[in-house]
Every structure is written in C-alpha cells, then in structure tokens.
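Structure assessment
The primary structure of each chain is shown beneath.
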Amino acid sequence: MSSEPPWSLHPQLVQDTAEIGDLPLARVLLMDDANYPWLVLVPRLADAVEIIDLDDGQQVQMMYEISLLARVLKDVTECDKLNVAAIGNVVPQLHIHVVARSRSDAAWPRPVWGASAARAYKPAARDRLIAAIRQEIAFS
C-alpha cells in the first residue's frame, strides 16, 4: 500500500480549464480563455508546489513535456512567441503555463495575466484546438 497522498487537480484549475489528456508525468489542460491559446501542464504528483519538488528524473521529464507541447502549440497556432511560466501565486499546485502569443493579441507585448478579461471558448473552437493538439501527441 502506497503511503503517498492521492493526487487531484486543484479546484481552480478544474474550473478554468478543459482536459486534453495525460502525458507520462503531467496532465495537460487548455485554459478556457480564447484570447490566447494557453496550455497548462500539471505534474500528477501530490504536494508538488515548486519545480524543485520534483526529483531529477521528473524534472527532466517535465522539461521534455513542456518542450513537446510548446512545439505542438507553436505549430498548431502559428504564434509569434511562446511564454512559459511556473508562477503559482494563486494556485499553489505546481503547474506550468505554455501560452501562444501573437503580436495582434490583446496583451502584446505585456504578460497575459490581468491584461484583459478571460473570454470563454465557444465549444466548437475549443474542441477544434484540442483535436489539433491531440492529433500531434499520443495522450494516455
């Protein structure tokens, strides 16, 4: 019997995202903000708050998964720039943002946080983006 506490997704992430799938380490989510194509990777490890909470192998895997998703997001969106960040001031659970930025987006060149009110995806647009990402990566 494992003594580790069970992993679960923070309620704020459940509320603000749509699930895309699982990679070996992280759950991959789409932020429900149509202003910016925005992925969130959440390592499925209970009590992980900082990247340094991951062991060396997990850190390498996390960087691989971030890079994989960043490449796919750039290809799918044809963005001008990718922003990658692990902040966690509001949601303490370790999660990494991968945001596709365009020179024409509402916040350019500033950070996306607080730049404009979130605009929920229309279901068809959300589903198209998720399908395009799933077409490029084999999720479990």
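Just above sits the structure.
Note that the structure is a prediction, hence the values are computed from the model and not measured.

Moving on, we get to unusual backbone geometry. Here W108 and P109 are connected by a cis peptide whose omega angle stands at 0°. Not every positive phi belongs to a glycine, and D47 is a case in point at roughly 70°. Residue classification places D47 among the exposed positions, given a relative accessible area of 63%. A positive phi angle, near 55°, is found at E78, a position not held by glycine. The residue E78 is located in the loop between α2 (56-77) and β4 (81-85) in this model. For E78, a relative accessible area of 70% corresponds to the exposed category.

Another point: the sheet that holds strand β5 (residues 96-101). One open sheet holds the five strands; their spatial order is β1-β2-β3-β5-β4, and the pairing between them is antiparallel. Two strands close off the open sheet at either side, each with one partner strand: β1 (17-22) and β4. Direction aside, neighbouring strands of the sheet carry axes that sit 20° apart on average. Note that strand β2 (residues 26-31) and strand β3 (residues 38-43) share five bridges and pair antiparallel. Directly across from A26, in β3, lies its bridge partner P43. Where α2 meets the sheet, its contacts fall on β2, β3, β4 and β5, and the angle it forms with β5 comes to roughly 20°.

Before going further, it helps to spend a moment on the environment of I130. Mapped onto the secondary structure, I130 falls in helix α3 (residues 123-136). Distance in space between the C-alpha atoms of I130 and L29 is 9.2 Å, their sequence separation being 101 residues. In contact with I130, other than residues within four places in its own chain, are A18, E19, I20 and L30.

Let us look at the nonpolar core. Ranked by size, the top nonpolar core spans 30 residues in total, and within it I20, L39, M62, L69, V98 and F139 carry the most contacts. Among the elements of the structure, β1, β2, β3, α2, β5 and α3 are those that each provide at least two residues to this core. Broken down by element, the residue count for this core peaks at seven residues, all from α2. Those residues in contact with L39, other than ones at most four positions away along the chain, are I20, L29, L30, L69, L73, I96, H97, V98 and I133.

About the thresholds
Residues numbered from 1 in each chain as written. Predicted model: local features only at pLDDT ≥ 70, side-chain atom pairs only at ≥ 80, totals over all residues. Heavy atoms only, no water. Buried < 20%, exposed > 50% of the residue type's maximum accessible area, 1.4 Å probe, protein only. Helix = DSSP H or I, 4+ residues; strand = E, 2+ residues; numbered from the N terminus. Pairing = 2+ DSSP bridges. Axes fitted to C-alpha atoms, helices over the stretch in contact; angles between N-to-C directions. Contact = heavy atoms within 4.5 Å. Core = buried A, V, L, I, M, F, W, Y, C linked by side-chain atoms within 4.5 Å.

These values are about where atoms sit, not about what they do.
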